[in-house]
Number of protein chains: 4
Amino acid sequence: MDKKTRLPKQRRAIENKALLLEAAKKLFTEKGYLNTNSNEIVKEAGISIGTFYAYYKDKKEVFMEIIDEYTREYNMKLEEALNSIRNDNDRDYLKAIILATMDISKKYYGFEDELIAMRYTDNDIKLQNEINQKYIISKIKGMLNRMHFKNQNQDIAAFLLFCLVDNFSYNIVHQSDLDVDASVEHCIDMILSYTKT
Amino acid sequence: MDKKTRLPKQRRAIENKALLLEAAKKLFTEKGYLNTNSNEIVKEAGISIGTFYAYYKDKKEVFMEIIDEYTREYNMKLEEALNSIRNDNDRDYLKAIILATMDISKKYYGFEDELIAMRYTDNDIKLQNEINQKYIISKIKGMLNRMHFKNQNQDIAAFLLFCLVDNFSYNIVHQSDLDVDASVEHCIDMILSYTKT
Amino acid sequence: MDKKTRLPKQRRAIENKALLLEAAKKLFTEKGYLNTNSNEIVKEAGISIGTFYAYYKDKKEVFMEIIDEYTREYNMKLEEALNSIRNDNDRDYLKAIILATMDISKKYYGFEDELIAMRYTDNDIKLQNEINQKYIISKIKGMLNRMHFKNQNQDIAAFLLFCLVDNFSYNIVHQSDLDVDASVEHCIDMILSYTKT
Amino acid sequence: MDKKTRLPKQRRAIENKALLLEAAKKLFTEKGYLNTNSNEIVKEAGISIGTFYAYYKDKKEVFMEIIDEYTREYNMKLEEALNSIRNDNDRDYLKAIILATMDISKKYYGFEDELIAMRYTDNDIKLQNEINQKYIISKIKGMLNRMHFKNQNQDIAAFLLFCLVDNFSYNIVHQSDLDVDASVEHCIDMILSYTKT
DNA sequence: CATGAATGAGCTTTCATTCAT
DNA sequence: TATGAATGAAAGCTCATTCAT
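Here the residue numbers are simple positions, counted from 1 along each chain's written sequence. All chains are assigned letters beginning with A, and all ligands numbers beginning with 1, in the order in which they are written. In keeping with the predicted nature of the model, local features appear solely for residues at pLDDT of at least 70, side-chain atom pairs appear and are counted solely at 80 or more, and the whole-chain, interface and lining totals rest on all residues. The side-chain values count all of the structure's non-hydrogen atoms but skip hydrogen atoms and water molecules.

### Here's the deal with the overall build of chain A
The condition that has to hold: Strands are runs of DSSP state E lasting at least 2 residues, helices are runs of H or I lasting at least 4, and numbering of each runs from the N terminus. A contact between two residues is defined here by any heavy atoms of the two lying within 4.5 Å. Note on areas: Shrake-Rupley with a 1.4 Å probe; residue coverage comes only from the protein chains shown. Counted as positive: Lys and Arg. Counted as negative: Asp and Glu. His and the chain ends are not counted at all. Where a charge lies is defined by one atom per residue type: Lys uses NZ, Arg uses CZ, Asp uses CG and Glu uses CD.
Counting its regular elements, chain A contains nine helices and zero strands. Start at the N end of chain A and walk to the C end: the helices and strands fall as α-α-α-α-α-α-α-α-α. Projected onto its principal axes, the C-alpha positions of chain A cover 60 × 35 × 30 Å. Across chain A, every contact between residues at least 6 apart in sequence was considered, and the portion connecting residues at least 24 apart equals 67%. On chain A, roughly 9,900 Å² of surface is accessible, and the fraction owed to carbon and sulfur atoms is 51%. Each charge sign in chain A was given a centre, from 29 positive and 31 negative side chains, and these centres are 6 Å apart.

### Section: the environment of Thr36(D)
Residue and element names in this part refer to chain D. As for its placement among the helices and strands, Thr36 is situated in the loop between α1 (11-31) and α2 (38-45). Taking C-alpha positions, Thr36 is 15 Å from Tyr56, a pair spaced 20 residues apart along the chain. Residues in contact with Thr36, not counting those within four places in the same chain, are Leu27, Phe28, Lys31, Ile41 and Lys59.

### Some thoughts on the domain arrangement of chain A
Residues and elements named next belong to chain A. Applied cut-off: Domain delimitation follows an automatic or database domain assignment. Here the buried area means the combined drop in accessible surface, using a 1.4 Å probe, for two parts upon being joined, counting both sides. A side-chain nitrogen of Lys or Arg and a carboxyl oxygen of Asp or Glu constitute a salt bridge if their distance falls within 4 Å. Under the scheme applied, nonpolar residues are Ala, Val, Leu, Ile, Met, Phe, Trp, Tyr, Cys and Pro; charged residues are Asp, Glu, Lys and Arg; polar residues are all the others, including Gly.
On domain assignment, one finds that chain A holds domain 1 (1-57) and domain 2 (59-195). Computed from C-alpha coordinates alone, the two centres of domain 1 and domain 2 are separated by 29 Å. In this complex, domain 1 contributes 17 residues to the contact, which on the side of domain 2 involves 14 residues. With both sides pooled, the region where domain 1 packs onto domain 2 buries about 1,400 Å², and carbon together with sulfur makes up 63% of that total. Inspection of the region where domain 1 meets domain 2 yields two salt bridges. For Glu65, the salt bridge goes to Lys17, with nearest N and O atoms at 3.7 Å. Mapped onto the side of domain 1 that touches domain 2, the elements with two or more residues apiece are α1 (11-31), α2 (38-45) and α3 (49-55). Per-element tally for the side of domain 1 that touches domain 2: the top contributor is α1, with six residues. Looking at the side of domain 1 that touches domain 2 residue by residue, the classes come out as nine nonpolar, five polar and three charged.

### Remarks on the interface of chain C and chain D
Applicable threshold: Two N or O atoms count as a polar contact when they lie within 3.5 Å, although within protein this holds only if one can serve as hydrogen donor and the other as acceptor, and sequence-adjacent residues are included solely when both atoms are side-chain atoms.
Taken residue by residue, the interface counts 41 residues in chain C and 41 residues in chain D. Across the interface of chain C and chain D, roughly 3,300 Å² is buried in total on both sides, 68% from carbon and sulfur atoms. When residues of chain C are sorted by the area they lose upon contact with chain D, Tyr120(C), His186(C) and Met190(C) head the list and together hold 22% of the total. In this structure, the connection of chain C to chain D is made through three salt bridges. With a shortest N-O distance of 3.7 Å, Lys126(C) and Asp113(D) are connected by a salt bridge. In this assembly, chain C and chain D are joined by nine residue pairs in polar contact (both at pLDDT 80 or more). Those elements giving two or more residues to the side of chain C that touches chain D turn out to be α6 (111-119), α7 (123-146), α8 (154-174) and α9 (180-195) of chain C. For the side of chain C that touches chain D, a count of residues per class yields 20 nonpolar, twelve polar and nine charged.

### Quick look at the relation of the copies chain B and chain A
Threshold: Copies overlap after least-squares fitting; the atoms used are the C-alpha atoms of residues with pLDDT of at least 70 in both.
In screw terms, the move from chain B to chain A is a rotation of 180° and a rise of 0.0 Å along the axis, fitting with an RMSD of 0.1 Å. Classification of the inter-copy transformation places it as that of a two-fold axis.

### Describing the packing of aromatic side chains
Convention followed: Within 6.5 Å between ring centres, the rings of Phe, Tyr and Trp (the latter by its six-membered ring) count as paired, and their orientation is classed by plane angle as stacked under 30 degrees, edge-to-face over 60, tilted in between. Relative accessible area decides the class of each residue, using a 1.4 Å probe on protein chains only: under 20% of the type maximum gives buried, over 50% gives exposed, and in between gives partly exposed. In our convention, an over-ring charge means Lys NZ or Arg CZ found within 6 Å of a ring centre and within 35 degrees of that ring's normal.
One pass over the full model with this rule turns up 44 aromatic pairs over all chains. Seen from their ring centres, Phe52(B) and Tyr56(B) are 5.8 Å apart, and the 45° between their planes marks the pair as tilted. For the residue pair Phe52(B) and Tyr56(B), the accessibility class agrees, reading buried in each case. Three or more aromatic residues link up through ring pairs in this structure, and these residues are Phe28(A), Tyr33(A), Phe63(A), Tyr70(A), Tyr108(A) and Phe111(A). If you follow Lys59(B) out to its NZ or CZ, it ends over the ring of Tyr33(B), 4.4 Å from the centre.

Next comes the structure, spelled out in structure tokens:
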């Protein structure tokens, strides 16, 4: 088989591909990945179904491309956030990470649910996720170093921080009964109490 | 249009319903919820499709019944674990919670992935989950009390512990590159360092 | 095959059969023949599905038994109506026929729609209907005689009267924008103007 | 959930839609509406099931489209018949109406049974029918005017004529024991005797 | 006689993907 | 390149009827 999907070289082609991606993102966000079919995507994009399959192998490929965008954006945000801290204050570092994570959750509200679900359900996306998770944990390890965290097991520590921040950020964005700012401070407290012991 | 699903009264009926549930659990675990259809379930159970629809409104209803089982089992395990601690040692309490959570993840390995995915994807299951999550957080609050944790905001603290334990337990069970026992101890350290501050 | 349906000899049996018939009539009337399934009938009657099939070969047999009832009742009403006329007044005769027909339409409102539909759709019922139609036409012929109608072709005349009265009675009962009494009088006028010419 | 049925633009598409309609008409006529399923229709048309659902929401929609055809054809025939009368002879007018009605019954022999049954059974079709019935009655009223029929209640008169002609035409076409031509003449006699009184 | 659990053929409908134009 | 009509496997679900208890 190995049916290559066309590489868009010309301007119209690039535009079409972008239109399809945006349409897909919109519909996946509003109705969910499974409840959106390819015909709806092309209708939303104002492009024909044939063109869709010229650029994307299948529906999942569009989805994965949106995930790439999401991941790139998150990693960039994280980088920026950490780089913007100039005073070497640990609280600030941690807060930057948490807020960046929450920001992404807000920006991709709705779509992120679909993405998380696929992480548990689809092997390709699970794999893709594991790689990125490792990358983020490595970033956290780097930050722990800058924070002069001298524990015998930095890998475990970074992993723990990741588990906490990851789940906390999603949950705090998606439910309303707790005071958000206070919660963020507590989350930082928890991490600092651990790393400073 | 009051089409009730039959409630099994006779012995054979009860057995058949159980067989269907087991078959569904097996297939959901092995192949995933979406990749399993009702005909496969009845084939696996050795029962006719009509019987399936006599007991279950649709595939999701079987799924939700398995979730109920999972939830009941988890809550029971949690209860038992906490009750078995006799010496009022905080470490032991926390370890009991973490190990109970990890146990359930191991026992429902595979199926749990489907369950988590559905939490992000299906509104009924999302709701069901939110209720149980609140219940577990209330349990954690109770434990914090017993641990004489005197923080100004117990709700946030319990929420934080939940986020950490929930994500940690799943991840530690599903990946192998960290030392499990050491990680559990670190997780407890982190919590204790926070609650003892 | 030739699976005989049990003849109900004992009291309970007769009661059960009657209960089933009533339940079926009710549901056929409310929801239509096709939208009523055998399980709903037995549920409504408070009797088991097995018992249903002990007394009736299938769903259609119940339906046909209700038609028998309908037909018997109509023919009786017609007979009574004609016999009650003592003064040999033609108007009275015709009115009696029309009102009897309308009465039946009112009493079996809802069910009659199902019955008529089946006349056009099911061969057995079509046949059954043709026989009864002939019987009614013969009654009309008898009445024409009593009315001293001396046309060269009584068969055609009776057929015409049947066509008019049959359709008129149904339509006048099932729609409200015309004055019913006036319409009945006009209908009689039309018939008399024809038979008296 | 705006799933539109495609409107056929290209030649092949138009042909396919027509093929499906013809196949459906044929099967509905031969085997009845209820005994025909969508797979049989597409098989008869030599077209795939997916294409069927691209053009028709469901089986009933095809049916209703055939009814539209039937209705259009009947109304046209009626119009033509009335317009072709040049000598203002009442007999001719009435005969034209009756023959046009009988013609349609002959042309749609078999299918008409299904249509009539649905009028009594399906609410959409019942409604559609009531509208057309009113239209025909208004046509009859127009004709009564041209015939200088001066009765106090033209609405009732037109309604009566409709009832008679409608039922007579169907019955005379569908049963053979009466002399058709003679019956038609008698039917006209009956109407004239009434309208001329 | 009565019960009601079980059966499974049969029908409807969807949608990812292809390919002729 | 772009189009969109056509495909058909695959899934969901119903219900008249049987038969073991």
